[in-house]
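This is what each chain is made of:
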Amino acid sequence: MRRSSSPSPRASRERAALVRRGPLVIEDDYDGEFRYDRKLVGAVQALAPERVVYIGTASKTLAPALRLAWLVLPRELVDPVLAAMTAAGWRPPVLDQLVLADMIDSGAYDRHARRSRAAYRGRRDQLLGALPEGLRPAGISAGLHLVLPLPEGVSEQQVVAAARRRSLTVDGLGRQWIRAGEDRPQGLVLGYGTPARHAFAPTVDILTRTLRDVGLR
Ligand SMILES: Cc1ncc(COP(=O)(O)O)c(C=O)c1O
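Residues numbered from 1 in each chain as written. Predicted model: local features only at pLDDT ≥ 70, side-chain atom pairs only at ≥ 80, totals over all residues. Heavy atoms only, no water.

Break down the nonpolar core for me, with residues and values.
Ranked by internal contacts, the top residues of the largest apolar core, which has 26 residues, are Leu148, Leu190, Leu207 and Leu211. Beyond its immediate sequence surroundings of up to four residues, Leu148 is in contact with Leu131, Leu135, Pro137, Gln186, Gly187, Leu188, Leu190 and Leu211. (Core = buried A, V, L, I, M, F, W, Y, C linked by side-chain atoms within 4.5 Å. Buried < 20%, exposed > 50% of the residue type's maximum accessible area, 1.4 Å probe, protein only. Contact = heavy atoms within 4.5 Å.)

Have a look at this one:
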């Protein structure tokens, strides 16, 4: 078994070849700054700039309310995308863009991303440490949420309702399916980015009590 989680040179070459000859790829890199257990993964866009549309956002690093994001486009798409944005009346806020540009130039954005990465890694570890043994959370190595599959006999509606009784909002996996169905695996999507710093430990505590309410300990 390979210990490193970075792809082998051969896998990288194959991936590059696939991207270069395949259809247009949309790379939605919305939380690439938050990888905890491995090196940051380079963007696929660099492998084939004329085949990949790269999308980045400040929604996770700064705040979703800013509505600041960016596209790196194949040259032939720049004019059509600008025309579509103009036709849609989309006007990205200029002052906010200037502030973001200044943060990037001065290194403040990078420092903030690094500080946030350490803080979110701490939150993730705290949450993982509080979950009942035997549950196998997924998607823990990156991002600001994880997926907690529920064991047989416990439905996500049950947990969502138990959480609500404790004034906690958690999301079931159900909302994520394109085609919902009774037979879908049951699970929760647990975000750990939202609670204020002082509220994080109490929130994790309420979650563990909620899981105990439905027999998970
Ligand atoms: C899959 C995915 N892409 C992109 C985004 C970022 O969206 P926006 O920049 O509109 O906030 C999110 C936000 O949660 C997301 O879940």
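So what's going on with the sheet that holds strand β1 (residues 25–28)? Which residues, and what values?
Across the sheet, 3 strands lie side by side as β1-β2-β3; this open sheet has mixed pairing. A strand with exactly one partner marks an edge of an open sheet, and here the two such strands are β1 and β3 (69–72). Between one strand axis and the next, the sheet turns by 15 degrees as a mean value, whatever way the strands run. (Pairing = 2+ DSSP bridges. Helix = DSSP H or I, 4+ residues; strand = E, 2+ residues; numbered from the N terminus. Axes fitted to C-alpha atoms, helices over the stretch in contact; angles between N-to-C directions.)

Could you give an account of the pairing of strand β4 (residues 145–149), with specific residues and numbers?
Note on strand geometry: in a regular strand, side chains alternate between the two faces of the sheet. Only one face of β4 is buried, namely the one carrying Leu146 and Leu148, since none of His145, Val147 and Pro149 on the opposite face is buried. Bridge count for β4 against strand β6 (residues 187–191) is 5 bridges, and the pairing is antiparallel. When the bridges of β6 are listed, His145 appears paired with Gly191.

Mind laying out the sheet that holds β4, listing which residues take part and the relevant values?
Strand order in the open sheet made by the 3 strands is β4-β6-β5, with antiparallel pairing throughout. Each end of this open sheet is capped by a strand with a single partner; those strands are β4 and β5 (171–172). Summarising the sheet, β5 and β6 pair through 2 bridges and their orientation is antiparallel. Counterpart to Asp171 in the pairing with β6 is Val189.

Tell me about the pattern of salt bridges, and please be specific about residues and values.
As enumerated under the stated definition, the model contains 8 salt bridges in all. With a closest N to O distance of 2.8 Å, Asp37 and Arg124 form a salt bridge. Of this pair, Asp37 sits in the loop between β1 and β2 (52–57) while Arg124 sits in helix α4 (residues 108–130), placing them 87 residues apart in sequence. Classification of Asp37 as partly exposed rests on a relative accessible area of 46%. The shortest N-O distance in the salt bridge between Asp125 and Arg124 comes to 2.9 Å. (Salt bridge = Lys/Arg side-chain N within 4 Å of Asp/Glu carboxyl O.)

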